[in-house]
Amino acid sequence: MKALILVDLQNDFMPGGALAVNEGNLVIEPANRLAEKFELVIATQDWHPADHGSFASNHSNRKPGEMTKLDGLDQILWPNHCVQNTTGAEFHPKLKQNLITRVFCKGTNPKVDSYSGFYDNQQRQATGLGDWLREKQVKEVYVMGLATDYCVKFTALDAVSEGFVTWLVTDGCRGVNLQLGDVEKALAEIQKAGVKLIESKKIESAKS
Ligand code: VGL
Ligand code: ZN
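These remarks concern the structure in this document. The model shown is predicted, which means the values in this text are computed figures rather than measured ones. (Residues numbered from 1 in each chain as written. Chains lettered and ligands numbered in written order. Predicted model: local features only at pLDDT ≥ 70, side-chain atom pairs only at ≥ 80, totals over all residues. Heavy atoms only, no water.)

Observations regarding the pairing of strand β1 (residues 2–7)
Burial of β1 is extensive: five of the six residues sit out of reach of the surface. In this sheet, strand β6 (residues 140–146) lies alongside β1 in parallel orientation, the contact comprising six bridges. Counterpart to I5 in the pairing with β6 is V143. Strand direction decides the pairing type here: β1 and strand β2 (residues 40–46), joined by five bridges, are parallel. (Buried < 20%, exposed > 50% of the residue type's maximum accessible area, 1.4 Å probe, protein only. Helix = DSSP H or I, 4+ residues; strand = E, 2+ residues; numbered from the N terminus. Pairing = 2+ DSSP bridges.)

Quick notes on the environment of D71
Assignment of secondary structure puts D71 in the loop between β3 (67–70) and β4 (73–76). Linking D71 and K139, residues 68 residues apart in sequence, is a C-alpha distance of 34 Å. The residues touching D71, leaving out its near neighbours within four places in the chain, are K111, Q122 and R124. (Contact = heavy atoms within 4.5 Å.)

A short note on the pattern of salt bridges
According to the stated counting rule, one finds 13 salt bridges in the structure shown. Here K96 and E36 are joined by a salt bridge, their closest N and O atoms 3.4 Å apart. You can see K96 sitting in the loop between β4 and β5 (102–106) and its partner E36 sitting in the loop between α1 (28–35) and β2, a full 60 residues away along the chain. Connected via shared salt-bridge partners are D8, D46 and K106. (Salt bridge = Lys/Arg side-chain N within 4 Å of Asp/Glu carboxyl O.)

Considering the coordination of the zinc ion (ligand 2)
The protein atoms that coordinate the zinc ion (ligand 2) are D46 (OD), H48 (NE2) and H81 (NE2), at distances spanning 2.0 to 2.2 Å. Considering all four donor atoms around the zinc ion (ligand 2), the spread of angles at the metal, 90 to 170 degrees, places the coordination shape in the irregular class. One chain supplies every donor for the zinc ion (ligand 2), spaced along it as D-x1-H-x32-H. Judged by its relative accessible area of 3%, D46 is buried. With relative accessibility at 0%, the residue H48 sits in the buried group. (Donors = N, O, S within 2.8 Å, 3.2 Å for Na, K, Ca; no water. Tetrahedral: all angles 85-135°; square planar, octahedral: opposite > 155°, others 65-115°.)

Examining helix α4 (residues 182–192)
Taken residue by residue, α4 has D182, V183, A186 and I190 as its buried positions. For α4, the angular spread of buried residues about the axis comes to 95 degrees, placing them on one side. In α4, the exposed residues that point more than 90 degrees away from the buried face are E184, K185 and K192. Buried residues along α4 sit in contact with α3 (148–161) and β7 (165–174). Among the residues trailing α4, G194 stands out with phi positive, at a value near 115 degrees. (Arc of directions from axis to C-beta.)

Observations regarding unusual backbone geometry
In this chain, L146 is followed by A147 through a cis amide linkage whose omega measures -10 degrees. Within the element layout of this structure, A147 appears in the loop between β6 and α3. Although it is not a glycine, D8 sits at a positive phi angle of roughly 50 degrees. Within the secondary structure, D8 is located in the loop between β1 and α1. According to the relative accessible area criterion, D8 is buried, its value standing at 0%.

With respect to the nonpolar core
If you look at the biggest cluster of nonpolar residues, it comprises 57 residues, and the most contacted ones within it are L4, I5, L9, L133, V141 and M144. When residues of this core are traced back to their parent elements, those giving at least two are β1, α1, β2, α2 (129–135), β6, α3 and β7. Ranked by the residues each element gives to this core, the list is headed by α3, at six residues. In this structure L133 touches A3, I5, I42, F118, V138, V141 and F164, once residues within four positions along its chain are discounted. (Core = buried A, V, L, I, M, F, W, Y, C linked by side-chain atoms within 4.5 Å.)

Observations regarding the packing of aromatic side chains
With the rule as written, the count across this model stands at seven aromatic pairs. Arranged with centres 5.8 Å apart and planes meeting at 5 degrees, the rings of Y142 and W167 form a pair that is stacked. Of this pair, Y142 sits in strand β6 while W167 is found in strand β7, placing the two residues 25 residues apart along the sequence. Taking relative accessible area as the criterion, Y142 reaches 6% and is therefore assigned buried. Using a relative accessible area of 18% as the deciding quantity, one classes W167 as buried. (Phe/Tyr/Trp six-rings, centres within 6.5 Å; stacked < 30°, edge-to-face > 60°.)

Dropping the structure here:
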């Protein structure tokens, strides 16, 4: 069994959003196209409480982009984003949500950030995604979404280390690039870990 994992296709990561990813909106079209082809479609949803420790606004005199420590772990400070039950946390209005089998929320613990759809950044708390995929006999996952250099990267890395054959859908991802070259670095790192890259069109032609 194969599954498609759509990472954080939420308003706050779209152009004009609180943590806007350049061209983030352009991945909705491939997401909808591929979702039609997969029996199992998972969406991850960044779902922070307002007092989340990754928000610069929750630390005195700190700005987004600066570093801090959260529970001993290096943490980039972000603008407030994907706050639970706000419009910014909702999926892009054009995403065909009826094709989504299950949503897994992450980032709910205010004391630790969670980039991966599988675990928090301390690797302590599982979201349930790994067990759910195993229960469904999934052996292979296709990962795409936002952002390439954060949540997509860590979701793909955890997928490989959990033993899934893991593909990254190249045209289905866009990155933050806080530093120039971050996206390229992320792609190199995940390929080194065993993730394979593929274009959405290739998946469609193989599957139909
Ligand atoms: C993300 C930074 C903070 C992401 C989420 O979805 O890549 N990045 N929270
Ligand atoms: Zn977040």
